[in-house]
Amino acid sequence: MTKKDQLGNFELMVMLALIRIGDNAYGVPISEELEKRTGRDVAIGSVYAALERLEDKGFVTSELGEATPERGGRAKRYFDVTARGLKEVRETQRALVKLWHGLPELEGGKA
Amino acid sequence: MRWAEPPSIATWLLRHFGSSPNNNDVVIGDLDEQYQRGRSSFWYWRQTAAAIVISFFKEVWSHKLLTIRAVALGWAVDAVSRHSVKLTWRLLFALTTWSRFWLHNWITMAMVMVVPQVFLWKILLGWLVAALHRRHRTAMVLANAVYFACFSATHVRVLYVWLIIHRLNYRMDTLVFEMVSSIVPVAILMGGGIFSIPRDGNSSERASLKA
């Protein structure tokens, strides 16, 4: 696997938010989910930059949705995780768990 | 629900300077939606600034070769324009030796002959870059504007240092030079259609939805 096909830190967070939201995943719920879970302010621009990269890698697909009045008549773009994306998340999780395992500094919340 | 108008200048900036070819309108929609839910104007402005900067760097980073090609094209047009401006400058000095009228009015003549010429060349530069990079037009035109803005600013500073080293006074021609430098990015953006291209395809539909 090339470096280009791997998930970056923020990309992984976006993928996890997408999986958690399921259907109806577009910019607003994704950024809200990220803010809620990480406790950090998230720039919508960076969420879309990550989503575009993920789409280029084939981990995510997207389609334009309906326009609503509260969006000033602008369409939403819905995102969905592909089977390849899901596999990549699992592999990243496996690798991270292996790296995590057996590190006394990071166990029991002492670090 | 009553529609609260988001900061219009911020929306305008994002609509015209947002570099994401697919998601620019979607990002504005997301920001509008969050604004309707009670986010502040400060938040909207911050998100807008971040979206413009992030989308620009994302486009440049994802298309490095294309960006180098676009800036190289800008360089080529700039080299030709410099030659043309140099010829005009020489003609101007020839006129000052030919007539006393030109001698006293050479700054006016410089304004009339050189500044519009530089402006037109940069408009052509912006137009060429936009025409040859249709899919990534905003990012490539912006890359040229940023590059030439930095280049001109450096050039002006070098000129100031040169004046200080040679103990020369601040002259009118440096003012002309500074003026020309400041219009360069604006002309590139104008030529690239950043200010004028209607990128709001379904504005009438949106107006009815807002109502």
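Since the structure is predicted, the reported quantities are computational estimates derived from the model, not experimental observations.

> Before we move on, can you summarise the confidence of the model for chain B with the specific residues and values?
All names here are of chain B. Summary statistics for chain B give a mean pLDDT of 83 and a share of 83% for residues scoring 70 or more. Here helix 9 (residues 203-210) stands out as the least confident element of chain B, with mean pLDDT 52; helix 3 (residues 41-62) is the most confident, with 95. Interface confidence in the predicted complex, given as ipTM, is 0.87; pTM for the same model is 0.82.

> I'd like a description of the nonpolar core, backed by residues and values.
In this structure, Met15(A), Leu18(A), Ile30(A) and Leu51(A) are the most contacted members of the largest nonpolar core, which totals 57 residues. In terms of residue count, helix 7 (residues 137-165) of chain B provides more of this core than any other element does, seven residues in total. What Met15(A) contacts, discounting residues up to four positions off in sequence, is Leu7(A), Leu54(A), Phe59(A), Val60(A), Val81(A), Gly85(A), Leu86(A) and Val89(A).

> Residues and numbers for the pattern of salt bridges, please.
Oppositely charged side chains are able to pair whenever their charged atoms sit close together. Using the criterion set out here, one finds 17 salt bridges over all chains in the structure. Residues Glu35(A) and Arg39(B) are paired through a salt bridge, measuring 3.1 Å at the closest nitrogen-oxygen approach. With Glu35(A) in helix 2 (residues 27-38) and Arg39(B) in the loop between helix 2 (24-36) and helix 3, the pair connects residues from two separate chains. Given the relative accessible area of 18%, Glu35(A) is considered buried. For Glu91(A), the salt bridge goes to Lys87(A), with nearest N and O atoms at 3.8 Å. In this pair, Glu91(A) and Lys87(A) are both assigned in helix 4 (residues 83-100), four residues apart and thus about one turn of the helix distant. Linked through salt bridges whose partners overlap, the residues forming this network are Glu32(A), Arg71(A), Asp30(B), Glu33(B) and Arg37(B).

Scoring rules and cut-offs
Residues numbered from 1 in each chain as written. Chains lettered and ligands numbered in written order. Predicted model: local features only at pLDDT ≥ 70, side-chain atom pairs only at ≥ 80, totals over all residues. Heavy atoms only, no water. pLDDT = per-residue confidence, 0-100. Helix = DSSP H or I, 4+ residues; strand = E, 2+ residues; numbered from the N terminus. Core = buried A, V, L, I, M, F, W, Y, C linked by side-chain atoms within 4.5 Å. Buried < 20%, exposed > 50% of the residue type's maximum accessible area, 1.4 Å probe, protein only. Contact = heavy atoms within 4.5 Å. Salt bridge = Lys/Arg side-chain N within 4 Å of Asp/Glu carboxyl O.

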